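Chain residues, written in single-letter form:
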Amino acid sequence: MAQLDLGTLGRTLAESIDNESAWRQLYVVLWPRVLAVCKKRLHDTSFSAEQAAQEVFLRLLHYCPFDRAATSMHILEYAEKVAEDVCIDVTRGTATIASEVKRLSKNAGSSSR
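Residues numbered from 1 in each chain as written. Predicted model: local features only at pLDDT ≥ 70, side-chain atom pairs only at ≥ 80, totals over all residues. Heavy atoms only, no water.

### Here we look at the overall build of the protein chain
Summing up its helical and strand segments, the protein chain has five helices and zero strands in all. Counted from the first residue to the last, the protein chain has its helices and strands arranged as α-α-α-α-α. Considering the protein chain as a whole, with its 113 residues, one finds that 35% of them fall into the buried category. In the protein chain, of all internal contacts separated by at least 6 residues, the share reaching a separation of at least 24 is 61%. Put simply, the protein chain shows about 7,000 Å² of open surface, and 55% of that area lies on carbon and sulfur atoms. (Helix = DSSP H or I, 4+ residues; strand = E, 2+ residues; numbered from the N terminus. Buried < 20%, exposed > 50% of the residue type's maximum accessible area, 1.4 Å probe, protein only. Contact = heavy atoms within 4.5 Å. Areas by Shrake-Rupley, 256 points an atom, 1.4 Å probe, with all protein chains shown as cover.)

Below, the structure is given as structure tokens:
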């Protein structure tokens, strides 16, 4: 059932990326899987894996091509890949939630001018 819901949520977000209800539902469906990937990749069950998982959702918000994600599996695979990439960045010391938020805010400010 989660697969069907994920596909529906992806289509909803493709039509309206700021749909808060769809984001909440997507979070509920994806959070356990994203957190599991982060814990595995970071060999960590503590706070850093949760921070990495949160950063995954920031990146999904700004970069996920929901309009091209044709199936639930595409969205799930994309989220897992983003989680792996975030964990690589965390391991290298090049990613934190604060730096990502700052970077995204800066980009948003410059694009609105």
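Structure's up, so let's keep going.
### Concerning the side chain of Arg-59
Positionally, Arg-59 belongs in helix H3 (residues 47–63). According to the relative accessible area criterion, Arg-59 is buried, its value standing at 14%. Engagement of the side chain of Arg-59 in a polar contact is seen with the side chain of Asp-89, the distance being 3.0 Å. (Polar contact = N/O pair within 3.5 Å; in protein donor to acceptor, adjacent residues only side chain to side chain.)

### Considerations on the pattern of salt bridges
Scanning all chains against the criterion turns up five salt bridges. With a closest N to O distance of 3.9 Å, Arg-24 and Glu-20 form a salt bridge. One end of the pair, Arg-24, and the other, Glu-20, are both in helix H2 (residues 20–42), four residues apart, so they sit about a helical turn from each other. Accessibility classification places Arg-24 together with Glu-20 in one group, the exposed group. Note that Arg-59 is salt-bridged to Glu-55, the shortest N-O span being 2.8 Å. Of this pair, Arg-59 and Glu-55 both sit in helix H3, separated by four residues, roughly a single helical turn. Across the pair, Glu-55 and Arg-59 agree in class, each one buried. (Salt bridge = Lys/Arg side-chain N within 4 Å of Asp/Glu carboxyl O.)

### Overview of the nonpolar core
Taken as a class, soluble globular proteins show a tendency for nonpolar side chains to be buried jointly. Counting 29 residues, the largest nonpolar core has Leu-26, Leu-30, Val-34, Cys-38, Val-56, Leu-60 and Phe-66 as the members making the most contacts within it. For this core, the elements supplying multiple residues, two or more each, are helix H1 (2–15), H2, H3 and helix H4 (72–92). Examining the composition of this core, we find that 10 residues originate from one element, H2, more than from any other. Apart from residues no more than four positions distant in its own chain, Cys-38 is found in contact with Ala-49, Ala-52, Ala-53, Val-56, Ala-83 and Cys-87. (Core = buried A, V, L, I, M, F, W, Y, C linked by side-chain atoms within 4.5 Å.)

### A few points about the environment of Tyr-27
Tracing the sequence through the fold places Tyr-27 in helix H2. For Tyr-27, a relative accessible area of 37% gives the class partly exposed. Distance from Tyr-27 to Phe-57, taken between C-alpha atoms, is 7.9 Å for residues 30 residues apart in sequence. Those residues within four positions of Tyr-27 in sequence are excluded, and the remaining contacts are Pro-32 and Phe-57.

### Some words on the packing of aromatic side chains
Under the criterion given, the structure shown has four aromatic pairs. Geometrically, the ring pair formed by Tyr-27 and Trp-31 is stacked, given 5.1 Å between the ring centres and 25 degrees between the ring planes. Here Trp-31 and Tyr-27 lie together in helix H2, a separation of four residues that amounts to about one turn. Three or more aromatic residues joined by ring pairs form one cluster here, namely Tyr-27, Trp-31 and Phe-57. (Phe/Tyr/Trp six-rings, centres within 6.5 Å; stacked < 30°, edge-to-face > 60°.)

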